[in-house]
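Given next are the chains, with one letter for each unit.
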Amino acid sequence: MQVTFLGTSSGVPTRARNVSAVALRLPQRSELWLFDCGEGTQHQFLRSDLRLSQLRRVFITHMHGDHVFGLPGLLASLGLSGSSSGVDLYGPDPLDAYLQGVLRTSSTRIGYPLAVHPVRGAAEAGRIVFEDDDLQVRATPLHHRVPAYAYRVDQKPRAGRFDVARARDLNISPGPVYAALKRGETVTLDDGRSIDGRDLCGPQRRGASVVYCTDTVFCEAAVELARGADLLIHESTFSHAEAEMAFQRQHSTSTMAAQTAAEAGVSQLVLTHLSPRYAPGNAVTANDLLAEAQAIFPATVLAKDFLSIDVTPLMEPWSCNSS
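Quantities reported herein were computed from a predicted structural model and do not represent experimental measurements.

Draft legend 1. Fine view of the packing of aromatic side chains. Under the counting rule described, the total for this entry stands at nine aromatic pairs. Ring plane angle 10° and centroid distance 4.6 Å describe the contact between Phe 59 and Tyr 90, whose orientation is recorded as stacked. Residue Phe 59 is found in strand E4 (residues 55-59), and its partner Tyr 90 is found in strand E5 (residues 87-91); the two are separated by 31 residues along the sequence. With respect to class, Phe 59 is no different from Tyr 90; both count as buried. A connected cluster of aromatic rings, assembled from ring pairs, spans Trp 33, Phe 35, Phe 59, Tyr 90, Phe 130, Tyr 151 and Tyr 212.

Spelled out as structure tokens, the structure:
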């Protein structure tokens, strides 16, 4: 999985940071998922190497404008391109009414299947929000001024490495049979032999996991959702010195984000959703927030627009790049 930050500011965009949007690219299936969609997100797509035509699912944390104002325009543009086979949306209860209202009053027609799935029931009950053969998504309620949810994406365990040399020693000819054996299936060969693919594969390999957590003040639910994740993306709206304001506005400080990462035992923390008050040149900058978090959780990175991180199990080694 590859994460690309398309917006890392809170509230309003700045010259260097757009408002919230994070893309999750799934190269093995040529598919893209989006977490939040602040105003201008489709412009960020144009400035990145991501393909909007690959968008398949959108997960919205809450209904504040800096997280949803870009969604109607992005969906409309996707419809005009004629390249979408359908999009599934997940989010708070008002998401469907919001979209239907905007699309209806603007006379916008979406020419592809569009489905909205409320997540409140699954998040409150601890049920799975989405699942297929490869991936699983869970959510949990956060502590914010409006209903808000964090999301966790887990790759399911992958088959162990296939022992090609041993297969050749058994005189198994390469071809479609290899694919079945790699999946651990039992295959009957043309000569009548029955081969159990599990005997030719090593131990299962765990998949990667990503957690996206914004907007919230520190809460135990976020810790539990992030337990053992490879990558935690967490809001860091305020510095530690602004903790009182963070509690009033139900947002997190840099140290709250680091505390969540430390208690959850994640491998990597990325700070995002930074207040414009910490822009370069001000008395306190984003680098100061990074230092505060690293004092508690050293494996912390500061997000910036277009930063990309390849997420692998245990995140060791991890790689990131930015355009």
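Draft legend 2. Geometry of the pairing of strand E12 (residues 209-213). Where burial is concerned, most of E12 is hidden: five out of the five residues are buried. Bridging between strand E9 (residues 149-155) and E12 involves four bridges; their strand directions are antiparallel. When the bridges of E12 are listed, Arg 152 appears paired with Val 211. Relative to strand E13 (residues 231-235), E12 is paired through four bridges, and the arrangement is parallel. Bridge pairing in E13 links Cys 213 to His 234. Following the chain from E12 across helix H8 (residues 220-226) to the adjacent parallel E13, one finds a crossover that is right-handed.

Draft legend 3. Quick peek at the sheet that holds strand E7 (residues 128-131). On the basis of which strands lie adjacent, the open sheet formed by seven strands has the order E7-E8-E9-E12-E13-E14-E15 and mixed pairing. Each edge of the sheet is formed by a strand with only one pairing partner; in this case those strands are E7 and strand E15 (300-302). Ignoring which end each strand starts from, the neighbouring axes of this sheet average 20° apart. Each of E13 and strand E14 (269-272) is contacted by helix H10 (residues 254-264), which is oriented at about 155° to E13, the strand it contacts most.

Draft legend 4. Region of the structure containing the pairing of strand E8 (residues 135-141). Of all seven residues making up E8, five are buried, and the element is well covered by its neighbours. Summarising the sheet, E7 and E8 pair through three bridges and their orientation is antiparallel. Counterpart to Glu 131 in the pairing with E8 is Gln 136. Adjacent in sequence and paired antiparallel, E7 and E8 are bridged by three residues. Summarising the sheet, E8 and E9 pair through seven bridges and their orientation is antiparallel. Opposite Leu 135, over in E9, you have Gln 155 as the bridge partner.

Draft legend 5. The state of the cysteines, seen in detail. One pass over the full model with this rule turns up zero disulfides. Free of any disulfide, Cys 37 has its nearest cysteine sulfur in Cys 213, 19 Å distant. The thiol sulfur of Cys 213 is not disulfide-bonded, and the nearest other cysteine sulfur, from Cys 219, lies at 6.0 Å. By relative accessible area, Cys 213 is classed as buried at 1%.

Draft legend 6. Broad picture of H10. H10 sits mainly inside the fold: eight of its 11 residues count as buried. Taken together, the buried positions of H10 are Ser 254, Thr 255, Met 256, Ala 257, Ala 258, Thr 260, Ala 261 and Ala 264. Packing partners of the buried residues in H10 comprise H8, E13, helix H9 (243-249), E14 and helix H11 (286-296). At the C-terminal side of H10, Gly 265 shows a positive phi close to 70°.

Draft legend 7. Inspection of the environment of His 234 at higher detail. Mapping His 234 onto the fold places it in strand E13. Note: C-alpha distance between His 234 and Val 19 (215 residues apart in sequence) is 14 Å.

Draft legend 8. Layout of the environment of Ser 9. Note that Ser 9 resides in the loop between strand E1 (2-7) and strand E2 (21-26). Considering only alpha carbons, one finds Ser 9 and Asp 132, 123 residues apart in sequence, at a separation of 32 Å. Residues within four places of Ser 9 in sequence aside, it is in contact with Thr 14, Arg 17, Asn 18, Val 19, Ser 20, His 273, Leu 274 and Pro 276. At a separation of 2.6 Å, a polar atom in the side chain of Ser 9 contacts the main-chain carbonyl oxygen of Val 12.

Draft legend 9. Focus on the layout of surface pockets. By volume, the largest pocket is sized at about 480 Å³. What lines the largest pocket is a set of 22 residues, among which Lys 156, Pro 157, Arg 158, Ala 159 and Arg 205 lie closest to the centre. Tallied by class, residues from the lining of the largest pocket come to six nonpolar, seven polar and nine charged. There is about 370 Å³ of room inside the second largest pocket. Lining the second largest pocket are 20 residues, with Thr 14, Arg 15, Ala 16, Arg 17 and Pro 280 positioned closest to its centre. Residue classes in the lining of the second largest pocket are distributed as eight nonpolar, seven polar and five charged.

Rules used throughout
- Residues numbered from 1 in each chain as written.
- Predicted model: local features only at pLDDT ≥ 70, side-chain atom pairs only at ≥ 80, totals over all residues.
- Heavy atoms only, no water.
- Phe/Tyr/Trp six-rings, centres within 6.5 Å; stacked < 30°, edge-to-face > 60°.
- Helix = DSSP H or I, 4+ residues; strand = E, 2+ residues; numbered from the N terminus.
- Buried < 20%, exposed > 50% of the residue type's maximum accessible area, 1.4 Å probe, protein only.
- Pairing = 2+ DSSP bridges.
- Right-handed = clockwise from strand over helix to strand, strands pointing away.
- Axes fitted to C-alpha atoms, helices over the stretch in contact; angles between N-to-C directions.
- Contact = heavy atoms within 4.5 Å.
- Disulfide = S-S within 2.5 Å.
- Polar contact = N/O pair within 3.5 Å; in protein donor to acceptor, adjacent residues only side chain to side chain.
- 1 Å grid on protein atoms, 1.4 Å probe; cavity = no way out; pocket = protein on both sides within 12 Å on 5 of 7 lines; lining within 4 Å.
- Points joined across faces, edges and corners; volume = space filled by probe spheres on them.
- Nonpolar A, V, L, I, M, F, W, Y, C, P; charged D, E, K, R; others polar.

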